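Listed here are the chains, written in short residue letters.
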Amino acid sequence: FCVHAGENDKNPNNVKDALRFAKKMADQGNAITLRIGHGVYGMDEEALDLAEELSRMEPPRVIFELNPESNIALNNIMEPRDLMPMVREFMRRNIMFVPGSDSYGQYQTDHMQLAQTFIDMGFGEREFTMMKLHQQDLLARIEAKTRADEARIANWGTEE
């Protein structure tokens, strides 16, 4: 499931609340993966520890969707580089992160603009490679779930 959390400093605990919920679900045997859009605010040591723990589970139980364009548009960060300390910490702890546009239609962010923003953030080959691996893993999991759902739904490929 997906949530927006840590988008601004209005609700500083919503990232931790979402991570605690994902941990509770995992502890109960539910194999959900939480996708957190933004995660810019509230990423204190406790939140990072929870995210790291959830990331080490199989399958990983948390993925952060970085939305730098909307963070800038909404004045939640001043410049893309403001996100790099968080990205470095995610990489150090092996917490999964993927790119996000936070609604293409709303901010008119295309893939080229988003790539340039990541370069402006300070992404180099290492960061892009890691993000690409995370994205490929996420897409493979979504595809596998879709195929499993197709197999369980009668007449999936028909008009019915």
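Described in the following lines is the structure provided in the data block.

The next subject is the packing of aromatic side chains. With the rule as written, the count across this model stands at five aromatic pairs. Considering the side-chain rings of F97 and F123, the 6.3 Å spacing of their centres and the 85 degrees angle between planes classify their relative orientation as edge-to-face. Highlighted residues: F97 in strand β4 (residues 97-99) and F123 in the loop between α6 (111-121) and α7 (125-152), separated in sequence by 26 residues. On the basis of relative accessibility, which here comes to 0%, the residue F97 falls in the buried class. You can call F123 buried: its relative accessible area is 6%. Within the aromatic cluster, the residues linked to one another by ring pairs are F64, F90, F97, F118, F123 and F128.

This paragraph deals with the pattern of salt bridges. Summed over all chains, the structure comprises 18 salt bridges. Where E46 meets R20, a salt bridge forms, and the shortest distance between an N and an O atom there is 2.8 Å. A residue pair is termed long-range when its members are at least 10 positions apart, and E46 in helix α2 (residues 45-55) and R20 in helix α1 (residues 14-27) qualify at 26 residues. The salt bridge partner of E58 is R141, with a shortest N-O separation of 3.3 Å. Linking E58 in the loop between α2 and β3 (62-66) with R141 in helix α7, this pair joins segments that are 83 residues apart in sequence. Through salt bridges with shared partners, a single network forms among E45, D49, E52, R56, E89, R92 and R93.

Rules and cut-offs
Residues numbered from 1 in each chain as written. Predicted model: local features only at pLDDT ≥ 70, side-chain atom pairs only at ≥ 80, totals over all residues. Heavy atoms only, no water. Phe/Tyr/Trp six-rings, centres within 6.5 Å; stacked < 30°, edge-to-face > 60°. Helix = DSSP H or I, 4+ residues; strand = E, 2+ residues; numbered from the N terminus. Buried < 20%, exposed > 50% of the residue type's maximum accessible area, 1.4 Å probe, protein only. Salt bridge = Lys/Arg side-chain N within 4 Å of Asp/Glu carboxyl O.

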